[in-house]
Amino acid sequence: MGKKGYYGKFGGRFVPETLMPALYELEDALRTARRDISFRKELDYYFKEYVGRPTPLYYARNASKKLGFKLYLKREDLCHTGAHKILNALGQALLARRMNKIRVIAETGAGQHGVAVATAASLLALQCVIYMGADDVERQKTNVMRMEILGAKVQPVTKGTRTLKDAINEALRDWVTNVTTTHYILGTVFGPYPYPELVKYFVSIIGREAKKQILRKEGKMPDAVIACVGGGSNAIGIFFPFLKMKNVKLIGVEAGGEGIASGRHAARFQTGKVGIFQGTKSYVLQNEWGQILDTYSIAPGLDYASVGPEHSFLFESGRVHYTYAEDDKVIEAYLFLSREEGILPALESSHALAFLMKNKRDFEDQVVLLNLSGRGDKDLPTVLRRISEDGIKRDFRDSQKK
Ligand SMILES: *Cc1c(COP(=O)(O)O)cnc(C)c1O
């Protein structure tokens, strides 16, 4: 990071004056917590005993044989609650407690971040309010129930598009009003500084573990590390410890949806432009007048109009190669891993696998490390709906016969 809060020209904190004191306080808390051995011990304790770390780095033997390279899966799907999101939620909840806050709030789209925050709040006995667009509340009933069972209050937001964007604005409004008692747990490496750094601090354990594990198993660094990119937290989490190793290829995969030309996608680095959105400067899907475009992804965690500012920096510097995968290939990847390894991958993570499957010749005989960011049980209804479409159904039956 160069100028404080910036990654090259990206990042910063573009927020109203009223929010600045809260961001300064958070920056301070992060700085002292990082240096405090008792905080690091507490974090280690919960990551190990509660989340279940270290997660395995699993050599996917059957899949590797079919693909022609060695595929290792970093099993974040085995984290408590089924994805890497608990790392950030729990880390920030611990920080909130350290800051003597009694209440945490968060925004959520599909509900995955909301469930992670409600879980952490329950564990640490913090009050919890989750803002969620009213349409999302309707669509995601089971996650709403999950949050409520965990003791959180789910607050539907009826303003604007009744989705994630408006839920974020409402959460920020709550934070400004209640900042003495409340911490806002932002869900990914996004938003105004220090959030991108704060979230990275909690998720980079993924890459630190993976680096040690691959060295033990292969006696060398991997040729490539690949992850899907929504806001960018699971990707930064696994990339960060490898950034300085120039021989390790880093690949980020965005949601290609129904194809770039269709406009129905969330591939910010394909057609996005630099802009300021929700407190930070980054690549944004916007029209020529700067209006935020509607995005689409088959994977709810990748469906967002902007991306963490550090990714924009890594894109322009060329250190990370950003690409995309389209829905049909994503479904194939989901079925492939389920069938070959007995592991149902989240549709988000399936994007990374889909790219590898499509480009397998480029990786021949290499060692490739894929961040399996979450489990795919949550996506079963979506997948079943899709495989009832003719083409994919035929492939699926063929693979059943083998
Ligand atoms: C939320 C989510 C993502 C996308 O978020 P990032 O911040 O880009 O990691 C990816 N995978 C899973 C399983 C998720 O739940």
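No experiment lies behind these values; they were computed from the predicted model shown.

(A) Region of interest: the overall build of the protein chain. On a plain count of helices and strands, the protein chain comes out with 17 helices and 14 strands. Evaluated residue by residue, the protein chain yields a buried proportion of 58% over its 402 residues. By sequence separation, contacts in the protein chain at least 24 residues apart represent 73% of the contacts at least 6 residues apart. For the protein chain, the exposed surface amounts to about 17,100 Å²; the carbon and sulfur share of it is 51%. The centroid of the 59 positive side-chain charges in the protein chain is displaced by 4 Å from the centroid of its 45 negative side-chain charges.

(B) Focus on the sheet that holds strand E14 (residues 367-372). Spatially, six strands are ordered E3-E4-E14-E9-E10-E13 in an open sheet, and the strand pairing comes out mixed. Each edge of the open sheet is held by one strand with a lone partner, namely strand E3 (57-59) and strand E13 (320-326). Put simply, the sheet's adjacent strands are angled 25° from each other on average, direction ignored. The sheet contact formed by strand E4 (residues 70-75) and E14 spans six bridges and is parallel. In the strand pairing of E14, Lys-74 is matched with Asn-371. Strands in contact with helix H10 (residues 205-218) are E3, E4 and E14; relative to E4, the strand with the most contacts, it is inclined by about 140°. Against the sheet, helix H15 (residues 347-358) engages E4, strand E9 (224-228), strand E10 (249-257), E13 and E14, with an angle of about 135° to E9.

(C) Region of the structure containing the packing of helix H14 (residues 327-341) against H15. Closest axis-to-axis distance for the H14/H15 pair is 8 Å, and the angle between their directions is 95°. When the axis of H14 is compared with that of H15, the two are roughly perpendicular. From H14, Lys-329, Val-330, Ile-331, Glu-332, Ala-333, Tyr-334, Phe-336 and Leu-337 reach across to H15, where they touch Leu-347, Ser-350, His-351, Leu-353, Ala-354 and Met-357. For the contact of H14 with H15, the per-class residue count stands at 10 nonpolar, two polar and two charged.

(D) A look at the site of the ligand. Near the ligand, the surroundings consist of 16 residues, among which Lys-85, Thr-188, Gly-232, Ser-233 and Ser-373 are the closest. His-84 is positioned such that a nitrogen or oxygen atom in its side chain is 2.9 Å from an oxygen atom of the ligand. Alone, the ligand offers 380 Å² of accessible surface; in the complex the protein occludes 97% of this. Classifying every residue of the shell around the ligand by side-chain character gives three nonpolar, 11 polar and two charged. Mapped onto the domain boundaries, the shell around the ligand takes at least three residues apiece from domain 1 (7-48 + 84-199) and domain 2 (54-82 + 204-401).

(E) Main features of the side chain of Glu-170. Tracing the chain through its elements places Glu-170 in helix H8 (residues 164-177). Relative accessible area serves as the criterion here: at 17%, Glu-170 is assigned to the buried category. A distance of 3.4 Å separates a polar atom in the side chain of Glu-170 from a polar atom in the side chain of Lys-159. In this view, Glu-170 contacts Tyr-131, Val-157 and Lys-159; residues no more than four positions away in its chain are not counted.

(F) How the structure looks around H15. Spanning 12 residues, H15 covers 16 Å between terminal C-alpha atoms, matching the ideal 16 Å at 1.5 Å per step. Summarising burial for H15: 10 of the 12 residues are buried, a large majority. Taken as a whole, H15 has its buried residues at Leu-347, Glu-348, Ser-349, Ser-350, His-351, Ala-352, Leu-353, Ala-354, Phe-355 and Leu-356.

(G) Geometry of unusual backbone geometry. Of the consecutive residues Arg-53 and Pro-54, the connecting peptide bond is found in the cis state with omega at -5°. Topologically, Pro-54 is positioned in the loop between helix H2 (37-51) and E3. Between Tyr-193 and Pro-194 the backbone carries a cis peptide bond, its omega angle lying at 10°. With respect to the element layout, Pro-194 can be found in the loop between strand E8 (182-184) and helix H9 (195-203). Notably, Arg-162 is not glycine yet its phi reads approximately 55°, a positive angle.

(H) Geometry of the sheet that holds strand E5 (residues 103-108). Ordered by their spatial adjacency, four strands build an open sheet running E7-E6-E5-E8, and the pairing between neighbours is parallel. If you trace the sheet from one side to the other, it starts and ends with strand E7 (153-157) and E8, each paired once. Strand after strand, the sheet turns through a mean of 25° between neighbouring axes, direction not considered. As paired elements, E5 and E8 share three bridges and run parallel to each other. Looking across to E8, one finds that Ile-105 is bridged to Tyr-184. Against the sheet, helix H5 (residues 112-123) contacts E5 and strand E6 (127-133), and its axis sits at roughly 165° relative to E5.

(I) A look at empty space enclosed by the protein. Inspection of every chain in the model, using the stated rule, returns one cavity of 30 Å³ or more. Here the largest cavity defines a volume of roughly 30 Å³. For the largest cavity, the full set of lining residues is Tyr-7, Val-189, Pro-196, Ile-236, Pro-309, Glu-310 and His-311. Class assignment for the residues of the lining of the largest cavity results in five nonpolar, one polar and one charged.

(J) Geometry of the pattern of salt bridges. This structure, assessed with the given rule, holds 30 salt bridges. Connected through shared salt-bridge partners, Lys-4, Arg-13, Glu-27, Asp-28 and Arg-31 make up one network.

Definitions and cut-offs
Residues numbered from 1 in each chain as written. Predicted model: local features only at pLDDT ≥ 70, side-chain atom pairs only at ≥ 80, totals over all residues. Heavy atoms only, no water. Helix = DSSP H or I, 4+ residues; strand = E, 2+ residues; numbered from the N terminus. Buried < 20%, exposed > 50% of the residue type's maximum accessible area, 1.4 Å probe, protein only. Contact = heavy atoms within 4.5 Å. Areas by Shrake-Rupley, 256 points an atom, 1.4 Å probe, with all protein chains shown as cover. Lys, Arg positive; Asp, Glu negative; His and termini not counted. Charge placed at Lys NZ, Arg CZ, Asp CG, Glu CD. Pairing = 2+ DSSP bridges. Axes fitted to C-alpha atoms, helices over the stretch in contact; angles between N-to-C directions. Parallel < 35°, antiparallel > 145°, perpendicular 65-115°, else oblique. Nonpolar A, V, L, I, M, F, W, Y, C, P; charged D, E, K, R; others polar. Near = heavy atom within 4 Å. Polar contact = N/O pair within 3.5 Å; in protein donor to acceptor, adjacent residues only side chain to side chain. Domains from an automatic or database assignment. Expected span 1.5 Å × (residues − 1). 1 Å grid on protein atoms, 1.4 Å probe; cavity = no way out; pocket = protein on both sides within 12 Å on 5 of 7 lines; lining within 4 Å. Points joined across faces, edges and corners; volume = space filled by probe spheres on them. Salt bridge = Lys/Arg side-chain N within 4 Å of Asp/Glu carboxyl O.

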